[in-house]
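Single-letter residue listing:
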Number of protein chains: 2
Amino acid sequence: MRRNRTKSGEARLTDVAKLAGVSPITASRFFRNPEALSISKRERVESAAKELGYVPNLAARALASQRSEVIGVLIPSLTNNVFSDVLRGIYDVAQNSRYSIQLVNTRYSILQEEKLLRLFQAQKPAGLIVTGINQTAESRTVMQAMNCPIVQIMEIGNEPVDMMVGFSHYDAGFTAISHLLSQGRKRIGFLGARMDPRVQRRFDGYRDAMKAAGLLDQRLIVTTPVPTSVTMGGTLFADLLIRAPDMDAVFCVNDDLALGVVFECERRQIAVPDQMAIVGFNDLEFSASSVPSITSVRTNRYEMGRHAVTMVTETIENRRPEQPIVDLGFELMVRQSSAKVA
Amino acid sequence: MRRNRTKSGEARLTDVAKLAGVSPITASRFFRNPEALSISKRERVESAAKELGYVPNLAARALASQRSEVIGVLIPSLTNNVFSDVLRGIYDVAQNSRYSIQLVNTRYSILQEEKLLRLFQAQKPAGLIVTGINQTAESRTVMQAMNCPIVQIMEIGNEPVDMMVGFSHYDAGFTAISHLLSQGRKRIGFLGARMDPRVQRRFDGYRDAMKAAGLLDQRLIVTTPVPTSVTMGGTLFADLLIRAPDMDAVFCVNDDLALGVVFECERRQIAVPDQMAIVGFNDLEFSASSVPSITSVRTNRYEMGRHAVTMVTETIENRRPEQPIVDLGFELMVRQSSAKVA
DNA sequence: CAATCCGATGGTAGCGCTGTCAATATTCGT
DNA sequence: ACGAATATTGACAGCGCTACCATCGGATTG
């Protein structure tokens, strides 16, 4: 005994088909590939759907078609500005496509990431976007078994699970230090909070640049596993000054920390850049308009998000990008905080 | 002709049931309400599921049970720090529940919001979290028809669609201005970017407080529809100084703008707070550690997110909160930028 | 000891949609 | 004008799961 409508009173595809005088499958095609219908049927189905206020049942569609139109996104933080930009890129592209985004927060834990990846299996996502390249072996296995396009974002490496879009944090760190060295700085501190894998690679760039210049000194390095913040920038900088009072520059792994250093310098009346050069990372919006403005490494986070979704959708539609690894690069924005000493 | 497994090779509930020697429905119950099974069956199903690596098919479940376990979230911006905090609260609670979050970005457009709300209908979400109280009439109709708990967040009002959690932006604005007035300030500027409804209500608080003090002056007010930023804070402040050179305080609708004003004052060598008091809004992390530290209105954004999800889930589980409207309040954090003139 | 209740389990019948492939209509080339 | 190729359309049979109701044995009650 079939009713006229769904229990909750909504119209079904069959109801639309009946009203339009076509078979259910024809109506179904109207919503997925209207070009396949003759003009007349197309119009009939369209007006029938409108009249009934038909809304497709996504669960039924997913069940029948054996696939969903969900792209899973795993990011490590919802607070960090860096990820909000990436997310905006992701959502901007996704909202104009038929795919929807399922976002989860790994909180910088690769075990949590592994667990969430397993959860995604149940959804049979159409694609996956994961942060970074440091997944557990188990996570990689799960991903490989998932049979959908996968993009690793934020950084690039040699062994993509599938595809990648990002840039080299090592090179970026190296470039930042090279800049300071070229300005005549010798005692360049490293200031890092929450040493996630990408921050670690920025550090590697710092270390190698300093080593190459014969200037590496453990006393110049301070890090903490605590999350990053402006306040933490000031605190760590104070630490660093105790350990290396002759420090003449500091490389902060992000702009929040750098801003904290700027404020701490003001408190202590340390002249920037004369006595202390400061370089940040990410080029957040405030870095250009702070006083002094902060030299920083600009990265294309919004583009990264857009790219990632696009790579996923193109792959689904059999237009897989020729290059599985996309390097979006970075740009050192030199500003007042690291201008040459007079 | 039924196969042993799904086409893609995954085990189905029936396969688990067969291996465990129980009926499919018993196996089904194991995953939804294990307590209903006898210990022996429970163990049998559990080990069978593990052996087959069974992962439930969410689409099938949603179709058969006529409901999903998705909570839809509509927010106007993915960039604004304010929302990242709310989101973090939402995700923290949701990730420990059986509900998953479906997030969409309305980009401050109530028309886009309406469209997205319709999209959500198709998903039959278990609950909905929407930003603010300024939905279109059509949006309200759609929501009312959705037959699921709905929480409006960020602010409170008198006519909840269903439930609300937030605080009074009017009161917050009024309080901020009262503080400045009590410090002896008379020419208090208003600096607003992207005048969304909540910012508008902060403005109403400003206007009424100034009017009550007989100090309202249009020249003291500057706003722009452009999104907020630190840079914009400096720009608008410069505008304001031209229009009202005798200004002795400024209320910024958020801390980014306030930070921009701090920098602009430094550039112009305007002494803060002696010549110019500054009050921000939201109490972002940097406000406490900037130089000078910035007086701001602290709001419980993380809690707001947590609350919203909790209200939804409790309602679903028939433990609807007694109070449909939760006022999380705010707190004025008085700091250097608005200390009393000597 | 029969009547009653309750917890545990299973059978049946879909949920609303789409994949597959066959059946028709339509167009085209020669 | 005729067969072949192509464009449209439809019938059927599930997708994997759960709601609903029936069943059954055992505990409880007077």
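From a predicted model like this one, the values you see are computed outputs, not experimental measurements.

J.: If you had to explain the overall build of chain A to someone new, which residues and values would you point to?
T.: When its secondary structure is counted, chain A shows twelve helices and twelve strands. For 342 residues, the compact-globule formula gives about 20 Å, and the C-alpha radius of gyration of chain A, at 26 Å, lies well above that figure. When the backbone C-alpha atoms are referred to their principal axes, chain A occupies close to 85 × 40 × 35 Å. Long-range pairs, those at least 24 residues apart, make up 68% of the contacts in chain A with a sequence separation of at least 6. Carbon and sulfur atoms make up 51% of the accessible area of chain A, which amounts to about 14,600 Å² in all. Of the charged side chains in chain A, 41 are positive and 36 negative; the average position of the first set lies 8 Å away from that of the second.

J.: Please provide a residue-by-residue account of the sheet that holds strand E8 (residues 249-252) of chain A, values included.
T.: Residue and element names in this part refer to chain A. If you walk across this open sheet you meet the four strands as E7-E6-E8-E9, and the pairing is parallel. The open sheet is flanked by strand E7 (221-224) and strand E9 (277-279), the only strands paired with a single partner. Neighbour-to-neighbour, the strand axes of this sheet turn through a mean angle of 15°, independent of strand direction. Bridge count for strand E6 (residues 188-193) against E8 is four bridges, and the pairing is parallel. Considered in E8, the bridge of Phe190 is made with Phe251. Packing against the sheet, helix H9 (residues 197-212) makes contact with E6, E7 and E8, and its axis sits at approximately 170° to E6.

J.: Run through a positive patch on the surface, naming residues and quoting values.
T.: A grouping of A:Arg29, A:Arg32, A:Arg61 and A:Arg67 is seen on the molecular surface, where their side chains present a positively charged patch. Looking at the element boundaries, A:Arg29 is found in helix H2 (residues 24-32).

J.: Can you explain the relation of the copies chain A and chain B? Please cite residues and give values.
T.: With an RMSD of 0.1 Å, chain A superimposes on chain B once it is rotated by 180° and translated 0.1 Å along the axis. Such a combination of rotation and displacement between the chain copies is what one expects of a two-fold axis. It is A:Ala59 whose C-alpha, among those of chain A, lies nearest the rotation axis, at 2.4 Å. When you check the interface residues of chain A against chain B, 100% turn up at the interface there too, and the contact is symmetric in its surfaces.

J.: Help me get a handle on the pattern of salt bridges, residues and values and all.
T.: Residue and element names in this part refer to chain A. One pass over the full model with this rule turns up 44 salt bridges over all chains. One salt bridge connects Arg12 with Asp15, and the closest N-O pair in it is separated by 3.3 Å. For Arg187, the salt bridge goes to Asp217, with nearest N and O atoms at 2.9 Å. In this pair, Arg187 sits in the loop between helix H8 (169-182) and E6 while Asp217 sits in the loop between H9 and E7, placing the two residues 30 residues apart along the sequence. Here the two residues Arg187 and Asp217 agree in accessibility, since each one is buried.

The rules behind these values
- Note on numbering: residues in each chain are counted from 1, in written sequence order.
- Labels are handed out in written order, letters beginning with A for the chains and numbers beginning with 1 for the ligands.
- Residue-level local features of this predicted model are given only where pLDDT is at least 70; pairs of side-chain atoms are given and counted only at 80 or more, and the full residue set underlies all totals for whole chains, interfaces and linings.
- As a rule here, side-chain values cover all heavy atoms of the structure and leave hydrogens and water aside.
- Numbering of helices and strands runs from the N terminus; a helix is a DSSP stretch of H or I covering at least four residues, while a strand is a stretch of E covering at least two.
- Atoms counted for the radius of gyration: C-alpha only. Globule rule: 2.2 Å times residue count to the power 0.38.
- Residues are treated as being in contact if the distance between any of their heavy atoms lies within 4.5 Å.
- With residues, only the protein chains shown are counted as cover, and all accessible areas are computed by Shrake-Rupley using a 1.4 Å probe.
- All tallies of charge rest on Lys and Arg as positive and Asp and Glu as negative; His and the ends of each chain are not included.
- One atom stands in for each charge, and that atom is NZ of Lys, CZ of Arg, CG of Asp or CD of Glu.
- At least two bridges found by DSSP between two strands are what make those strands a pair.
- Orientation is described by axes fitted as lines to C-alpha atoms, over the contacting stretch for helices, and by angles from 0 to 180 degrees between their N-to-C directions.
- Residues enter patches when their relative accessible area tops 30% and they take part in no salt bridge; the joining distance is 9 Å for like charges and 5 Å for the nonpolar side chains Val, Leu, Ile, Met, Phe, Trp and Tyr.
- By definition, a salt bridge exists where a carboxyl oxygen of Asp or Glu is found within 4 Å of a side-chain nitrogen of Lys or Arg.
- Copy-to-copy superposition: least squares on the C-alpha atoms, limited to residues that have pLDDT of at least 70 in both copies.
- Each residue gets one of three labels from its accessible area relative to the maximum for its type: buried under 20%, exposed over 50%, partly exposed in between, using a 1.4 Å probe on protein chains only.

Purely spatial values, then, with no claim about function.
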